[in-house]
Number of protein chains: 2
Amino acid sequence: MARARRRSRPERIPGRIEQPPFRQVRMRYRPIEILNADQIEAIHQAGLNILQRMGMRVLDDHARALFASAGAEIDEAEMQVRLDPALTEELAAKAPEHFTLRARNPAHDLSVGRQDVIFTAVGGPAYVEDMERGRRQGTYAEMCNYMRLVHNLNIVHQEGGGPFEPLDLPAATRHMDICYAAITLTDKTWQPNALGAARTLDGLEMAAISHGIAREDLVDRCVFNGVINTNSPLQLDIPMAEGLIALAEHGQCNVITPFTLAGAMSPVTLAGALAQQHAEALAGIALTQIVRPGVPVMYGGFTSNVDMKSGAPAFGTPEYAQAAQISGQLARRIGVPFRSSNVTAANANDAQAAYESEMALWGSIMGGAHMINHAAGWLGGGLTASFEKLIIDAEMLQMMAAYLEPPEITPETLALEAIDDVGPGGHFFGTEHTIERYETAFYTPLVSNWDNYDTWVQRGSVEAVKRANEIWHQLLEEYEQPPLDHAIDEALRDYMARRKCEGGAPMN
Amino acid sequence: MARARRRSRPERIPGRIEQPPFRQVRMRYRPIEILNADQIEAIHQAGLNILQRMGMRVLDDHARALFASAGAEIDEAEMQVRLDPALTEELAAKAPEHFTLRARNPAHDLSVGRQDVIFTAVGGPAYVEDMERGRRQGTYAEMCNYMRLVHNLNIVHQEGGGPFEPLDLPAATRHMDICYAAITLTDKTWQPNALGAARTLDGLEMAAISHGIAREDLVDRCVFNGVINTNSPLQLDIPMAEGLIALAEHGQCNVITPFTLAGAMSPVTLAGALAQQHAEALAGIALTQIVRPGVPVMYGGFTSNVDMKSGAPAFGTPEYAQAAQISGQLARRIGVPFRSSNVTAANANDAQAAYESEMALWGSIMGGAHMINHAAGWLGGGLTASFEKLIIDAEMLQMMAAYLEPPEITPETLALEAIDDVGPGGHFFGTEHTIERYETAFYTPLVSNWDNYDTWVQRGSVEAVKRANEIWHQLLEEYEQPPLDHAIDEALRDYMARRKCEGGAPMN
């Protein structure tokens with residue numbers, strides 16, 4: 001085991017929010033294994049079996065043709081693609097176990113795979129909410145503020161593809177405005193909208209401009225991990241297939257994520273839901289390797305369960321934590337980096353939101369997830385991006401990062417001399433051993449309040465959600481836009497202006 | 001790996017709170033190992049070294065005499081007891097790895113050790129709080145209500161020694177009233193007050209009466225796991241030594257729990273705090289085995305850290321989770337069952353209370369804890385027992401219990417036929433495979449609300465703490481006192497009356 005690094009000193013500027021520096025998290029502990037190797041093999045074989053007998057319905061002609069070119073059996077009438085198990089495994093084996101995602105600021109490059117973990121901000125909700133104004137449809141101006149916070153929170157390593165839909169902008173072109181915000185308001189990596197070829201190509205063009213290269217040169221520079229959802233059960237629709245192919249052609253990473261809610265879009269048993277997830281993920285992974293052998297790809301696990309009384313999706317459940325950890329085992333079985341999520345069904349930033357998120361986080365992190373999507377900000381089953389939840393999640397993520405740094409065990413840290421000096425019944429405050437270390441000895445919280453009860457009452461009995469509200473307002477005030485070359489900014493604006501004139505990407 | 005049991009059907013009586021039946025939790029997964037074997041050995045050796053060179057200050061003459069009789073080196077002037085490493089290890093090795101705790105209702109007997117986990121209710125706070133009345137000093141009547149809830153919550157396996165102090169009763173005798181409540185209001189096991197010989201003997205007498213046996217016969221029936229705190233650093237006071245000796249003499253389990261807050265009562269480094277914890281725990285464990293070789297004993301880990309800005313104790317921190325898991329490794333190193341806790345510093349039932357408790361629970365459970373003290377109800381750094389936190393914790397415990405039951409992997413659960421039948425783009429609601437299983441397929445929540453946003457708003461936007469409030473009120477209405485033989489009740493009352501006449505156990 002490598003010697004643990006000493007906890008790094010938090011960034012302290014008087015009066016400003018104190019947080020650890022930007023740094024990827026390393027998962028040094030052994031992932032939790034819910035199932036044994038035989039059981040994992042049974043699910044893996046079931047997944048292969050599903051692809052062999054039933055196959056995937058692939059609605060996109062080009063995608064079916066690609067599958068056919070690789071030797072898959074195609075039923076054109078049913079648009080079914082059936083894959084021989086050996087072919088599926090052969091294709092999946094071409095995917096790299098590790099790769100690097102490039103940011104326009106190299107200090108924010110991210111390592112994908114091995115022990116490295118990425119925390120990505122929430123992406124895609126329809127609504128936004130905060131304490132002052134409640135839940136509502138979001139605007140571009142508000143979305144930009146959310147992205148400024150994502151930039152300022154060091155523990156959030158990546159922007160998540162637009163935290164919520166800016167509904168004041170036209171549907172056919174707003175994906176470009178989201179890209180522009182992600183490029184200019186932060187210099188971290190960001191996720192593209194891969195819904196159809198046009199949107200994906202716009203993202204690729206704008207990313208290339210931001211890196212100062214031509215779109216064709218992206219094949220040597222992976223800047224995107226774009227989420228591709230299958231239409232569970234066992235279907236890949238045209239927009240997602242187009243997005244997948246465009247990303248893979250450009251050497252970019254697809255994050256193949258079936259949406260297998262047990263009891264609805266997949267069997268009610270976790271085993272069955274995971275077998276189906278595995279089949280769908282394998283099919284998507286295979287397609288990326290047909291398009292471009294060796295292109296980066298991730299195995300996405302999003303299996304949860306529905307409330308069987310109402311049919312509503314449930315998140316952060318015991319089944320979710322198990323599914324995340326078993327998905328990690330399945331991803332390691334095929335040697336592809338694993339993506340999971342931080343999720344809750346709660347509609348308020350209450351105890352439920354926190355305990356469901358913690359179940360999801362422990363499930364994901366101890367499942368060996370290399371990327372946790374929606375790691376900060378997700379509320380209400382993913383329909384809402386919350387300003388306060390962003391901050392509360394950042395606290396939970398910072399705590400996980402600190403937990404994942406094991407303590408140093410050395411003669412100095414074992415402190416036998418200090419224990420001798422203090423002696424029975426004594427006190428360690430003020431000893432030399434303490435004074436030398438106290439500033440960096442422990443995790444410094446962002447939201448948590450450790451006041452004793454009387455002090456807490458004197459200070460207004462402020463609960464966590466209100467503290468989170470104050471923190472995001474202050475962080476927004478502290479925001480400074482990262483520099484961007486003027487010519488690049490011009491080029492981005494020119495590209496958008498031209499594409500908006502052309503009409504953008506109308507909904508298919 | 002043993003075949004997983006199918007999730008048991010929850011108890012469903014129309015209109016009543018639905019919960020899983022009383023059953024011990026089994027930790028079937030491999031505990032998380034924060035440190036490698038060499039690092040654990042370094043802490044173990046540091047602990048032995050501390051006992052050899054510095055030793056423990058043992059204020060009780062009888063305890064020092066016992067140590068001397070076993071071959072320890074005693075400095076009577078300083079009241080220091082020094083133990084040779086070989087002697088410490090030899091004594092610790094006499095402790096059993098597994099034993100059974102007997103309840104007056106055999107259905108509530110508990111297995112201690114191996115893969116079995118016990119969730120114990122909060123014990124010892126000075127205050128009580130609920131949503132309606134806020135924080136306050138508690139009364140006996142309120143304490144009895146709290147115990148009724150502990151009895152009614154199936155996921156809480158054990159009463160924790162009085163959830164809070166009933167300050168309307170005289171200090172010298174209230175320990176007996178607490179025992180009487182624990183015996184009569186629930187038929188689960190309960191923890192005694194081991195503060196001094198008199199209180200401990202009262203508890204032993206009353207427990208013996210409740211089991212229909214003489215106090216001397218308890219040596220063949222372990223009914224107690226009593227918490228013994230060392231006075232960290234490295235001191236054992238008279239009341240705790242008396243309690244330890246009385247429990248061990250009667251064949252009862254001591255839970256030796258140093259209170260090593262890093263930076264205050266122990267070194268600021270986690271390594272040093274754990275080395276000191278290990279030394280203190282080993283000294284207490286050794287004493288139990290001197291009193292009665294082979295007597296049950298547990299290794300208690302309670303290492304946390306202080307807020308270095310204010311000196312206030314912090315709980316449920318990243319350091320706490322690490323300390324719990326390393327403590328589990330240390331307890332396994334010496335082969336003694338491990339006790340941990342569910343803790344938070346939060347003063348309100350907000351997101352912080354939930355995420356700190358989850359950090360503590362995941363730390364404890366994945367640390368291989370055999371008993372989690374304060375598993376339900378602890379708030380505000382342990383100064384307060386909360387009615388709503390009891391319910392929210394019960395939800396978190398139920399979720400952990402469900403998470404710890406791995407899914408079955410069989411041809412039936414892999415559901416290839418059901419997947420074939422539904423086909424691409426279909427739906428699993430209403431299929432035979434779903435209908436056969438949906439009632440027991442997933443965890444049924446106690447507190448969590450999975451309504452979609454509009455329904456949640458229509459129903460009053462009720463947050464988790466309010467739902468918990470409604471649940472405990474209903475559970476209290478549903479309470480039925482477990483039967484107790486009239487003669488035993490009479491004997492308990494007679495014993496208390498006599499002892500109260502004698503003056504009880506005045507504070508030393």
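From a predicted model like this one, the values you see are computed outputs, not experimental measurements.

1. Some remarks on the interface of chain B and chain A
Much of the literature gives interface size as the accessible area that the parts lose upon coming together. Across the contact, 113 residues belong to chain B and 113 residues belong to chain A. Among the residues of chain B in contact with chain A, Tyr355, Phe442 and Trp450 of chain B are the three that bury the most area, contributing 9% of the side total. Applying the counting criterion to the chain B and chain A interface returns two salt bridges. Between Arg53 of chain B and Asp420 of chain A there is a salt bridge, with its nearest N and O atoms 2.5 Å apart. Per-element accounting of the side of chain B that touches chain A gives the leading share, eight residues, to helix α10 (residues 351–365) of chain B. Residues belonging to the side of chain B that touches chain A are distributed by class as follows: 61 nonpolar, 30 polar and 22 charged.

2. Quick word on the relation of the copies chain B and chain A
The two copies are related by a screw motion: chain B maps onto chain A through a turn of 180 degrees and a shift of 0.0 Å along the axis, at an RMSD of 0.0 Å. Both copies are brought into coincidence by an operation consistent with a two-fold rotation axis. Across chain B, the smallest distance between a C-alpha and the rotation axis is recorded for Ala351 of chain B, namely 2.2 Å.

3. What to know about the packing of aromatic side chains
Residue and element names in this part refer to chain B. Taken as a whole, this structure holds 23 aromatic pairs over all chains when the rule is applied. Centroid distance Tyr146 to Phe164: 5.8 Å. Interplanar angle 90 degrees. Geometry classified as edge-to-face. With a gap of 18 residues between them, Tyr146 in helix α4 (residues 140–152) and Phe164 in the loop between β10 (158–159) and α5 (174–185) connect regions that are remote in the sequence. Assessed through its relative accessible area of 0%, Tyr146 is described here as buried. Geometrically, the ring pair formed by Phe302 and Phe315 is edge-to-face, given 6.0 Å between the ring centres and 65 degrees between the ring planes. One end of the pair, Phe302, is in the loop between β16 (297–300) and β17 (304–306); the other, Phe315, is in the loop between β18 (313–314) and α9 (318–334), and 13 residues separate them in sequence.

4. A short note on the sheet that holds strand β3 (residues 73–75) of chain B
Residues and elements named next belong to chain B. Across the sheet, which stays open at both edges, the four strands sit in the order β3-β4-β2-β13 with mixed pairing between neighbours. Only two strands of the sheet have a single partner each, and these edge strands are β3 and β13 (235–236). Across three bridges, β3 lies against strand β4 (residues 80–82) in antiparallel orientation. When the bridges of β4 are listed, Asp75 appears paired with Gln80.

5. Quick word on the side chain of Glu159 of chain B
All names here are of chain B. Inspection of the secondary structure assignment puts Glu159 in strand β10. Buried and without a salt bridge, Glu159 has Lys188 as its closest oppositely charged side chain, separated by 11 Å. A polar atom in the side chain of Glu159 sits 2.6 Å from the backbone nitrogen of Gly162. Excluding its chain neighbours within four sequence positions, the residues that come into contact with Glu159 are Thr120, Ala121, Met147, Val150, Ala182, Thr189, Trp190 and Gln191.

6. Notes on the confidence of the model for chain A
Residue and element names in this part refer to chain A. On average, residues of chain A score 96 in pLDDT, and 97% of them reach the 70 mark or higher. Every residue in residues 1–6 scores below 50 in pLDDT, and together they form 14 contacts with partners more than four places removed in sequence or on other chains. We note a pTM of 0.97 for the whole complex and an ipTM of 0.97 for its interfaces.

7. Quick word on the nonpolar core
Formed by 302 residues in total, the largest nonpolar core has its most connected members in Tyr403 of chain A together with Tyr403 of chain B. With residues near it in sequence (within four places) discarded, Tyr403 of chain A still touches Tyr29, Trp362 and Met366 of chain A together with Ile32, Ile34, Pro318, Ala321, Gln322, Gln325 and Met359 of chain B.

8. Some words on the pairing of strand β12 (residues 225–230) of chain A
Residue and element names in this part refer to chain A. With respect to burial, β12 is a largely interior element, five of its six residues being buried. The pairing of β12 with strand β14 (residues 253–258) spans six bridges and is classified as parallel. The residue of β14 that forms the bridge with Ile228 is Ile256.

Scoring rules and cut-offs
- Residues numbered from 1 in each chain as written.
- Chains lettered and ligands numbered in written order.
- Predicted model: local features only at pLDDT ≥ 70, side-chain atom pairs only at ≥ 80, totals over all residues.
- Heavy atoms only, no water.
- Contact = heavy atoms within 4.5 Å.
- Buried area = accessible area lost by both parts, 1.4 Å probe.
- Salt bridge = Lys/Arg side-chain N within 4 Å of Asp/Glu carboxyl O.
- Helix = DSSP H or I, 4+ residues; strand = E, 2+ residues; numbered from the N terminus.
- Nonpolar A, V, L, I, M, F, W, Y, C, P; charged D, E, K, R; others polar.
- Least-squares fit on C-alpha atoms with pLDDT ≥ 70 in both.
- Phe/Tyr/Trp six-rings, centres within 6.5 Å; stacked < 30°, edge-to-face > 60°.
- Buried < 20%, exposed > 50% of the residue type's maximum accessible area, 1.4 Å probe, protein only.
- Pairing = 2+ DSSP bridges.
- Lys, Arg positive; Asp, Glu negative; His and termini not counted.
- Polar contact = N/O pair within 3.5 Å; in protein donor to acceptor, adjacent residues only side chain to side chain.
- pLDDT = per-residue confidence, 0-100.
- Core = buried A, V, L, I, M, F, W, Y, C linked by side-chain atoms within 4.5 Å.

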